[in-house]
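Coordinate inspection notes
Chain residues, written in single-letter form:
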Amino acid sequence: MINENLIPKIGVITDIRRDTPDVKTFRVVGTDGKKLFEHMPGQCAMVSVPGAGECMFSITSSPTNEEYMEFSIKKCGCVTSIIHSLEVGQQITVRGPYGRNFPVEGEFRGKDLLFIAGGIGLAPLRSVINYVRHYRKNYGKVVVVYGARSKDDLVDIEEIQSEWEKEPDFKVYLTIDRPQEGWDGHVGFVPAYVSELGLDPSMTAVLCGPPIMIKFTLAGLLQLGFDKSRVYTTLELRMKCGIGKCGRCNVGDKFVCKDGPVFRFDELDELPDEY
C-alpha cells in the first residue's frame, strides 16, 4: 500500500497575509473546503507549484486549528518567488506531514517553556506555541524571546501583541538589531538579549533562526546553566524529498526528514562535525 502522505493533495489558497516585506503566510484548504490532513507541531509538508518546483516548509498553523493549515514562506529563491506571485483562489499541491514533531505530549508537558527565535525562525515555532496556548493547563509558564533585523521584519507581530502577550504566565520579549524610528522596545541581537535576561536554566528551551544566532544563543544558554538535553531546534532547511530517498539531508546515520527535523542539542553532538 502507498503511504498517503506521499500522495500530493490539491490545496486551494483562501487567504494571503503579508507579514514582512519578504514573508507571506498562505492559508490553504482542500478542494472540499476542509483541512488537508492532520499534523503535530514541528512537522513539515512539501508545497509544490506544478511545473515550477517544490520546497519543504514548516506547517505554521497549530494542529488545534481544525479548519485550515498555514505556511509562512520567505521569498528567497525561484520556487518561493513563484509561490509569492500566487493569488487567493489559485491551487497548489501539498504532501505530508513529514518528520518528527516537538514532544508536546511528552517531554514538554508540565514544563516551563522558553522559545527563542530570530527572523523567519518564529514561523516553525508558531505551531507549537499556539498548541501550548490551546492546551494551556498542560504546561507551565512560557517565555518567548524573538528578534529580527527591524520592526518591519517581525513575523506575526499582530498576533504576538494582540494574543500572546495577553496570555496568563506568558511573557514575550521582542528586540530588533538596530535602533529604528518608531521602535521603543529593546535593541540588540538575540543571543546578547538572552544572556541579559538571565533566564531560568530549569526551563525547556526551543531555538529556531539563522545558524549564527543559534550558535551564539546556545553558547549563552549553556553559560546560564541550561542542559543540552533540554534544548531543542528544528532543521527542516536540510530536507528535499521528505522520505529519506534523495540523501540530501543525510548526516552520519541520520536522515533529517525521518529522524528530525526536531532534534535535541545533545543528539546533534552525535552527528559529524559538518553539521
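Our subject is the structure that appears above.
If you're wondering where the values come from, they're calculated on a predicted model, not measured in any experiment.

Right, let's get into the packing of aromatic side chains. Tallied over the entire structure, the rule returns five aromatic pairs. Where Tyr 131 meets Tyr 135, the ring centres are 4.9 Å apart and the plane angle is 55°; that geometry is what we call tilted. Take Tyr 135: its relative accessible area is 33%, and that puts it in the partly exposed class. Positioned above the aromatic ring of Phe 263, the side-chain terminus of Arg 100 is 5.5 Å from the ring centre. Note that Lys 171 overlies the ring of Tyr 173, its terminal NZ or CZ placed 5.4 Å from the centroid.

Strand order in this open sheet of seven strands is β10-β9-β8-β7-β11-β12-β15, and the pairing throughout is mixed. Each edge of the open sheet carries a strand with a single partner, namely β10 (186–187) and β15 (262–264). Where strand β12 (residues 231–234) meets β15, three bridges bridge the pair, whose relative direction is antiparallel. Within β15, the position partnered with Thr 234 by the bridge is Val 262. Each of β7 (113–118), β8 (142–148), β9 (170–176), β11 (204–208) and β12 is contacted by helix α2 (residues 122–134), which is oriented at about 155° to β7, the strand it contacts most. Lying over the sheet, helix α4 (residues 190–197) contacts β7, β8, β9 and β10, oriented at roughly 140° with respect to β9.

So, on to the pattern of salt bridges. By the definition in use, this model includes 18 salt bridges. Two residues, Arg 95 and Glu 54, come together in a salt bridge whose shortest N-O distance is 3.1 Å. Of this pair, Arg 95 sits in strand β6 (residues 91–98) while Glu 54 is found in strand β4 (residues 53–58), placing the two residues 41 residues apart along the sequence. One salt bridge in this structure joins Arg 100 and Glu 267, with 2.8 Å as the shortest N-O distance. Linking Arg 100 in the loop between β6 and β7 with Glu 267 in helix α7 (residues 265–268), this pair joins segments that are 167 residues apart in sequence.

Core analysis: the biggest nonpolar cluster contains 32 residues, and Phe 102, Phe 108, Phe 115, Val 144 and Tyr 146 have the highest contact counts within it. Elements represented by at least two residues in this core include exactly β7, α2, β8, α3 (157–162), β9 and β11. Broken down by element, this core gets its largest block of residues, six residues, from α2. Residues in contact with Val 144, not counting those within four places in the same chain, are Phe 115, Ile 129, Trp 164, Phe 170, Lys 171, Val 172 and Tyr 173. Residues Val 143, Val 145, Leu 218 and Val 231 belong to the second largest nonpolar core, which totals 21 residues.

What follows deals with α4. Of all the positions in α4, only Val 190, Pro 191, Tyr 193 and Val 194 are classed as buried. End-on, the buried residues of α4 take up no more than an arc of 165°, which puts them together on one face. Contact partners of the buried residues in α4: β7, β8, β9, β10 and α5 (211–224). Looking one or two residues beyond α4, the residue adopting positive phi is Gly 198, at roughly 60°.

Bringing the packing of α4 against α5 into the picture now. Relative orientation of the contacting elements α4 and α5 amounts to 15°, with a least axis distance of 8 Å. It follows from the interaxial angle that α4 and α5 lie roughly parallel. As α4 runs across α5, the sense of the crossing is right-handed. Contacts from Val 190, Pro 191, Val 194 and Ser 195 in α4 reach Met 213, Phe 216, Thr 217, Gly 220, Leu 221 and Leu 224 in α5. Grouping the amino acids of the contact of α4 with α5 by side-chain chemistry returns seven nonpolar, three polar and no charged.

Parameters and conventions
- Residues numbered from 1 in each chain as written.
- Predicted model: local features only at pLDDT ≥ 70, side-chain atom pairs only at ≥ 80, totals over all residues.
- Heavy atoms only, no water.
- Phe/Tyr/Trp six-rings, centres within 6.5 Å; stacked < 30°, edge-to-face > 60°.
- Buried < 20%, exposed > 50% of the residue type's maximum accessible area, 1.4 Å probe, protein only.
- Lys NZ or Arg CZ within 6 Å of the ring centre and 35° of its normal.
- Pairing = 2+ DSSP bridges.
- Helix = DSSP H or I, 4+ residues; strand = E, 2+ residues; numbered from the N terminus.
- Contact = heavy atoms within 4.5 Å.
- Axes fitted to C-alpha atoms, helices over the stretch in contact; angles between N-to-C directions.
- Salt bridge = Lys/Arg side-chain N within 4 Å of Asp/Glu carboxyl O.
- Core = buried A, V, L, I, M, F, W, Y, C linked by side-chain atoms within 4.5 Å.
- Arc of directions from axis to C-beta.
- Parallel < 35°, antiparallel > 145°, perpendicular 65-115°, else oblique.
- Left-handed = near helix turned anticlockwise from the far one by under 90°.
- Nonpolar A, V, L, I, M, F, W, Y, C, P; charged D, E, K, R; others polar.

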